[in-house]
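Fold and geometry: a report
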Amino acid sequence: MGAILCSKLCLPKKMTASKEHVAPSDMIEAAYQDASSDTAGNADAVDRPLTYLPLANGTKEFRLITLLAGEGNDLLKCLLHHADIGANPLPQYETISYYWGDANKRNTIIVNGVKVSVPASAASALRCMRLPDSGRVVWLDAVCINQMDIGERSQQVTMMGD
């Protein structure tokens, strides 16, 4: 057993990504509208595997998610996008650290309109980090790293020391 390492009392101040490192503004705006819609929910999401676009070779590229605004038990909705740690200015984001826990305990979140199963502890950490009135750019390994691609996982873990 472990604990989720996030707390409303100890969160860093809200950070936002520069325009070069976020999804296109029209995509974010549409997602915000969907997230605030009373009819938005699991039924609106596609039930298929999330497609990960490959990370650019020879760069320090990685993925971030913009956690869309919401409260309490509202459905967790995110936008997945690429960033480059070698870019100037550096992308601004927060890292979520949590305990994976029991792999059989899962929750569904929505990423780019696709239902994604994540460890229940990851979903709890996202709920803890979510803001009620604006998006928040975060890195969460369960979503930002393609867990099915062993080569990518190795490459991304190596980059964590940078």
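Shown above is the structure to which this text applies.
Structure report, in brief. (Residues numbered from 1 in each chain as written. Predicted model: local features only at pLDDT ≥ 70, side-chain atom pairs only at ≥ 80, totals over all residues. Heavy atoms only, no water.)

**Thoughts on the overall build of the chain**
Along the chain, the regular secondary structure elements total 4 helices and 6 strands. Buried residues in the chain amount to 40% of all 162 residues. Long-range contacts, defined as pairs at least 24 residues apart, comprise 70% of the intrachain contacts of the chain with a sequence gap of at least 6. Only carbon and sulfur atoms are counted for the fraction: they give 53% of the accessible area of the chain, which is about 9200 Å². (Helix = DSSP H or I, 4+ residues; strand = E, 2+ residues; numbered from the N terminus. Buried < 20%, exposed > 50% of the residue type's maximum accessible area, 1.4 Å probe, protein only. Contact = heavy atoms within 4.5 Å. Areas by Shrake-Rupley, 256 points an atom, 1.4 Å probe, with all protein chains shown as cover.)

**Here we look at the sheet that holds strand β6 (residues 136–139)**
The 6 strands lie next to each other as β3-β6-β1-β2-β4-β5, forming an open sheet whose pairing is mixed. Pairing within the sheet leaves two strands with one partner each, and these edge strands are β3 (94–95) and β5 (114–119). For β3 and β6, the ladder comprises 2 bridges, and the chain directions are parallel. Of the residues in β6, the one forming a bridge with E94 is V138. Helix α2 (residues 120–129) rests against β1 (61–67), β3, β4 (106–111), β5 and β6 of the sheet, and its axis sits at about 105° to β5. (Pairing = 2+ DSSP bridges. Axes fitted to C-alpha atoms, helices over the stretch in contact; angles between N-to-C directions.)

**Looking at the nonpolar core**
Core analysis: the biggest nonpolar cluster contains 31 residues, and I65, I96, I109, V111, L126, L140 and V143 have the highest contact counts within it. Examining the composition of this core, we find that 5 residues originate from one element, α2, more than from any other. Apart from residues no more than four positions distant in its own chain, L140 is found in contact with I65, I96, Y98, A122, L126 and I145. (Core = buried A, V, L, I, M, F, W, Y, C linked by side-chain atoms within 4.5 Å.)

**Description of α2**
Counted residue by residue, α2 has 7 buried out of 10 residues, so it is predominantly covered. Within α2, the full set of buried residues consists of S121, A122, A123, A125, L126, C128 and M129. Buried residues along α2 sit against β1, β3, β4, β5, β6 and α3 (141–144).

**Structural notes on the side chain of D141**
Looking at the secondary structure, you find D141 in helix α3. Nearest to the buried, unbridged D141 among oppositely charged side chains is R153, at 9.0 Å. Once residues lying within four places of it in the same chain are set aside, the contact partners of D141 are Y98, W100 and Q147. (Lys, Arg positive; Asp, Glu negative; His and termini not counted. Salt bridge = Lys/Arg side-chain N within 4 Å of Asp/Glu carboxyl O.)

**Some words on the pattern of salt bridges**
Pairs can form between side chains of opposite charge whenever their charged atoms are close. This model, assessed by the stated rule, comprises 2 salt bridges. E94 serves as the salt-bridge partner of R136, at 2.6 Å between the closest nitrogen and oxygen. Residue R136 is located in strand β6, and its partner E94 is located in strand β3; the two are separated by 42 residues in the primary sequence. Judged on exposure class, the residue R136 and its partner E94 are both buried.

**Here's the deal with the pairing of β6**
Residues R136 and V138 point to one face of β6 and V137 and W139 to the other, with burial holding for every one of them. Bridging between β1 and β6 involves 3 bridges; their strand directions are antiparallel. Looking at β6, one finds that T66 is bridged to V137.

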